[in-house]
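Single-letter residue listing:
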Amino acid sequence: MENIYAVIDVKAFYASFECIERNLDPFTTPLVVTDVARKEATIVLSVSPYLKAMGVPSRCRRADLPKNIPNMIYATPQMGKYVKCSAKIVSILLDFIAQDDIHVYSIDEAFLDVTDYLSLYNMTAFELAKKIMDDIYKELKLTATAGIGTNLFLSKVALDITAKHVATNIGYLDEEKFVKELSLHTPLTDFWQIGRGIARRLNKLGIYTLKDLREKD
């Protein structure tokens, strides 16, 4: 049987948490998480999905935030609360998946080996991911996204790229679909583990897409 993996991630975790704590909708609220007591050069930890949709980057300096957005809310980071919320998310995952099949990747993101659970629950990977996402929203009011793939890399790329463009917030990739749909995708930095430095070095070699990489001598 083919292995199936899923990655569950919360949209703009810090900013969404701050919105929910204020009884605000993260998708209609201009909120950024940053310490306004520090210098203008201070890094913004997170921006709400509303601001992301406007093109505001999730990681920038406070000085670089747009100045023309009315009613901007500046939330001071509350790391202790974020960690407690993260533990609640993991607790929800444990309702479905055994601890040995969960790898917590970051405070708001976890890899799941769902291979043996699909037959157990008589669900598809999509159905199981949606059930987990629905439970996260039901208990915490946080919107999650998911990537599903036939290996860890594909599940992460499905999360980071594919899930953003579908209404379900659930992306799926197998090897064939990956080659067919993403061979010409740019920029390379959208792909997991390809940072700006690696991308620059690849660009110097004339490599701008995965197709270029495959065809490189």
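Provided above is the structure to which this section pertains.
A short tour of the structure in this document, coming up. Quantities reported herein were computed from a predicted structural model and do not represent experimental measurements.

Side note on the overall build of the chain
Next, step 1: Each helix and strand counted, the chain has nine helices and eight strands in total.
Next, step 2: Over its C-alpha atoms, taken along the principal directions, the chain stretches across nearly 55 × 50 × 30 Å.
Next, step 3: By the burial criterion, 44% of the 217 residues in the chain qualify as buried.
Next, step 4: The contacts of the chain with a sequence gap of at least 6 include a subset with a gap of at least 24, amounting to 56%.
Next, step 5: Total accessible area on the chain stands at roughly 12200 Å², and carbon and sulfur atoms take up 53% of it.
Next, step 6: Computed over 27 positive and 28 negative side-chain charges, the separation of the two mean positions in the chain equals 10 Å.

Comments concerning the sheet that holds strand S2 (residues 31-33)
Next, step 1: Spatial ordering of the open sheet is given by S3-S2-S4, a layout of three strands whose pairing is mixed. Each of the sheet's edge strands pairs with one partner strand only, and the pair in question is strand S3 (46-47) and strand S4 (73-75).
Next, step 2: Note that S2 and S3 share two bridges and pair antiparallel. Bridge pairing links Val33 to Ser46 in S3.
Next, step 3: The sheet strands contacting helix H1 (residues 13-21) are S2, S3 and S4, and the helix crosses S2 at an angle near 120 degrees.

Remarks on the pairing of strand S1 (residues 5-10)
Next, step 1: Taken across its six residues, S1 has six buried, putting it largely inside the fold.
Next, step 2: Every second residue of S1 is oriented toward a common face, with Tyr5, Val7 and Asp9 on one face and Ala6, Ile8 and Val10 on the other, all of them buried.
Next, step 3: Of the pairings in the sheet, the one linking S1 to strand S6 (residues 109-113) comprises five bridges and is antiparallel in character. Looking across to S6, one finds that Ala6 is bridged to Leu112.
Next, step 4: Examined bridge by bridge, S1 and strand S7 (residues 144-149) share six bridges and lie antiparallel to one another. Along S7, the bridge assignment pairs Asp9 with Thr145.

Regarding the environment of Glu21
Next, step 1: In this fold, Glu21 is placed in helix H1.
Next, step 2: Taking relative accessible area as the criterion, Glu21 reaches 37% and is therefore assigned partly exposed.
Next, step 3: In the structure, Glu21 is positioned 144 residues away from His165 in sequence and 28 Å away in space, judged by C-alpha atoms.
Next, step 4: The contact partners of Glu21, leaving out residues within four places of it in the chain, are Gln78 and Lys81.
Next, step 5: Only 2.9 Å separates the side chain of Glu21 from the side chain of Gln78, close enough to count as a polar contact.
Next, step 6: Side-chain polar atoms of Glu21 contact the side chain of Lys81, separated by 2.8 Å.

Brief notes about the sheet that holds strand S8 (residues 170-173)
Next, step 1: A sheet is described by the order of its strands in space; here five strands give the open sequence S5-S6-S1-S7-S8, paired in mixed fashion. For this open sheet the edge positions go to strand S5 (102-106) and S8, each flanked by a neighbour on one side alone. On average, each strand axis in the sheet is inclined to that of its neighbour by 20 degrees, with strand direction left out of account.
Next, step 2: Judged from the four bridges that link them, S7 and S8 form a sheet pairing that is parallel. Residue pairing across strands places Gly149 opposite Leu173, the latter belonging to S8.
Next, step 3: Packing of helix H5 (residues 125-140) onto the sheet brings it into contact with S1, S6, S7 and S8, and relative to S7 it is tilted by some 160 degrees.

Some words on unusual backbone geometry
Next, step 1: Of the consecutive residues Thr186 and Pro187, the connecting peptide bond is found in the cis state with omega at 0 degrees.
Next, step 2: Mapped onto the secondary structure, Pro187 falls in the loop between helix H7 (175-182) and helix H8 (196-204).
Next, step 3: We note that Lys141 has phi near 65 degrees; this positive angle belongs to a residue other than glycine.
Next, step 4: On the secondary structure map, Lys141 appears in the loop between H5 and S7.
Next, step 5: Using a relative accessible area of 44% as the deciding quantity, one classes Lys141 as partly exposed.
Next, step 6: Of note in this structure, Gln193 is not a glycine but carries a positive phi near 75 degrees.
Next, step 7: By the element assignment, Gln193 lies in the loop between H7 and H8.

Thresholds, definitions, all that
- Residues numbered from 1 in each chain as written.
- Predicted model: local features only at pLDDT ≥ 70, side-chain atom pairs only at ≥ 80, totals over all residues.
- Heavy atoms only, no water.
- Helix = DSSP H or I, 4+ residues; strand = E, 2+ residues; numbered from the N terminus.
- Buried < 20%, exposed > 50% of the residue type's maximum accessible area, 1.4 Å probe, protein only.
- Contact = heavy atoms within 4.5 Å.
- Areas by Shrake-Rupley, 256 points an atom, 1.4 Å probe, with all protein chains shown as cover.
- Lys, Arg positive; Asp, Glu negative; His and termini not counted.
- Charge placed at Lys NZ, Arg CZ, Asp CG, Glu CD.
- Pairing = 2+ DSSP bridges.
- Axes fitted to C-alpha atoms, helices over the stretch in contact; angles between N-to-C directions.
- Polar contact = N/O pair within 3.5 Å; in protein donor to acceptor, adjacent residues only side chain to side chain.

Function cannot be inferred from these measures alone, as they are strictly geometric.
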